[in-house]
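# Observations on chain architecture
Each chain is listed here by its residues.
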Amino acid sequence: MPNLMPLRLVLASASPARRKLLQAAGIEPDVLVSGVDESQVVSDRAEELCLELARLKAEAVLDRLRDGDERTLVIGCDSVLGFDGEILGKPADAADATDRWRRMRGRSGVLHTGHCLIDVAAGRRSEAVASTVVHFASVSDEEIAAYVGTGEPLAVAGAFTIDGIGGPFLERIEGDPSTVVGLSLPLLRRLLADLDLSIVDLWTKDESNVQVGHPLG
């Protein structure tokens, strides 16, 4: 017999980009910031690092949840850029972001996003990493200075975005664009399926959002 309890998704992230991505896909998540100190995890493999951080974020939020009338899922995510043999998270400051862009321009890197999805009631979880190749444009020093001056690259892994001001500075990608935003929607669908759930059950059913047309005249 199917579980008829409504599904609630808790996003263990302060990232507005991840929340907007889910909302655009018809999912209205609750947001609980994990507070995980990302410096506590060290690894020389980008995939292992982002997955472990995603796991820690999900588990930190899991410990703060209370039982309710809904079936609760927690999703933790973390992104890092693999570039030139280095693992790059958020830049330390504007100088670091500027240096990165001067090295990255005209070249490519791999954006890895780890995902940890936990079904609280069932005590089950599904985890995986999505990876997308990003090709950076040959931007000028002036463009780099202007971009860093906006402050956007200081708040994101790899010092760039695909869905913000930095979008024009990416020539192309090979893979899922939502991975670069910070949460792979196709991978989320597969993780849900691993837990015998469907992503359509997370679609927000809010009649107030329905647009009703009115006749002219």
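Remember, it's a predicted structure, so these values are computed and weren't measured experimentally.

If you check the backbone angles, Asp84 has positive phi at about 55° while not being a glycine. Position of Asp84 relative to the elements: it lies in the loop between strand S3 (71-83) and strand S4 (86-88). Not every positive phi belongs to a glycine, and Asp196 is a case in point at roughly 60°. For Asp196, the position within the fold is in the segment after helix H6 (185-194).

The next point concerns the confidence of the model for the protein. In the predicted model, the protein carries a mean pLDDT of 90, and 90% of its residues have values of at least 70. Segment residues 207-217 is flagged for pLDDT under 50; beyond a separation of four residues in sequence, or across chains, it makes zero contacts in the model.

By the burial criterion, the buried members of helix H4 (residues 141-150) are Ile144, Tyr147 and Val148. Burial along H4 is one-sided: seen end-on, the buried residues are contained in an arc of 95°. Exposed side chains of H4 directed beyond 90 degrees from the buried face belong to Glu142 and Gly149. Directly beyond the C-terminal end of H4, a positive phi value near 85° is found at Gly151.

To continue, consider the environment of Leu7. With respect to the secondary-structure elements, Leu7 resides in strand S1 (residues 7-11). Placed 192 residues apart in sequence, Leu7 and Ile199 show a C-alpha to C-alpha distance of 9.9 Å. Not counting chain neighbours up to four residues away, the residues in contact with Leu7 comprise Arg71, Leu73, Leu197, Asp201 and Leu202.

Estimates place the volume of the largest pocket at around 790 Å³. Within the residue set of the lining of the largest pocket, elements represented by two or more residues are helix H1 (16-24), helix H2 (46-62), S3, S4 and helix H5 (177-181). Sorting elements by how many residues they give to the lining of the largest pocket places S3 first, with four residues. For the lining of the largest pocket, a count of residues per class yields 21 nonpolar, eleven polar and seven charged.

Turning next to the side chain of Arg71. Tracing the backbone through its elements, the reader meets Arg71 in strand S3. In this structure the side chain of Arg71 is engaged in a polar contact, spanning 2.4 Å, whose partner is the side chain of Asp119.

This paragraph deals with the pairing of S3. Most of S3 is tucked away: 13 of the 13 residues are buried. Pairing geometry for S1 and S3, over five bridges, is parallel. Considered in S3, the bridge of Val10 is made with Val74. Note that S3 and S4 share three bridges and pair antiparallel. The partner of Phe83 across the bridge, within S4, is Glu86. Where S3 hands over to S4, the hairpin turn is made up of two residues, of which Asp84 adopts a positive phi near 55°.

Grouped together as the largest cluster of nonpolar side chains are 22 residues, with contacts concentrated most on Leu9, Leu73, Ile75, Leu117, Leu183, Leu188 and Leu192. For this core, the leading source of residues is H6, giving four residues. Contact partners of Leu9, with chain neighbours within four places excluded, come to Leu22, Ile27, Pro29, Asp30, Leu73, Ile75, Leu117 and Leu202. Counting residues in hydrophobic clusters, the runner-up holds 19 residues, among them Leu81, Leu111, Val134 and Ala137.

The rules behind the values
- Note that residues are indexed from 1 along each chain, following the sequence as it is written.
- Whole-chain, interface and lining totals are the exception, using all residues; otherwise, since this is a predicted model, local features are given only for residues with pLDDT of at least 70 and side-chain atom pairs are given and counted only at 80 or more.
- Calculation of side-chain values draws on the structure's entire complement of heavy atoms; hydrogens and water are dropped beforehand.
- Only DSSP runs of H or I covering at least 4 residues are called helices, and only runs of E covering at least 2 are called strands; the numbering of each starts at the N terminus.
- Known as pLDDT, the predictor's confidence for each residue is given on a scale from 0 to 100.
- Only heavy atoms enter the contact rule, under which two residues are in contact if any of them lie within 4.5 Å.
- A 1.4 Å probe rolled over the protein chains alone gives each residue an accessible area, and that area as a share of the maximum for its type sets the label: buried under 20%, exposed over 50%, partly exposed in between.
- Directions pointing from the helix axis toward each C-beta atom define the arc.
- A pocket here means an open set of points on a 1 Å grid, computed over the protein atoms alone, that has protein on both sides within 12 Å along at least five of seven lines. A cavity is instead a set of points where a 1.4 Å probe fits but cannot get out; residues with an atom within 4 Å of a point line either one.
- Grid points are joined across faces, edges and corners, and a volume is the space filled by probe spheres set on the points.
- Basically, the charged four are Asp, Glu, Lys and Arg, the nonpolar ten are Ala, Val, Leu, Ile, Met, Phe, Trp, Tyr, Cys and Pro, and anything else, Gly included, counts as polar.
- Between N or O atoms, a polar contact is any pair within 3.5 Å; within protein, one atom must be a potential hydrogen donor and the other a potential acceptor, and residues adjacent in sequence are included only when both atoms are from side chains.
- Any two strands are treated as partners once DSSP identifies two or more bridges connecting them.
- Grouping buried Ala, Val, Leu, Ile, Met, Phe, Trp, Tyr and Cys residues that are joined through side-chain atoms within 4.5 Å yields what is termed a nonpolar core.

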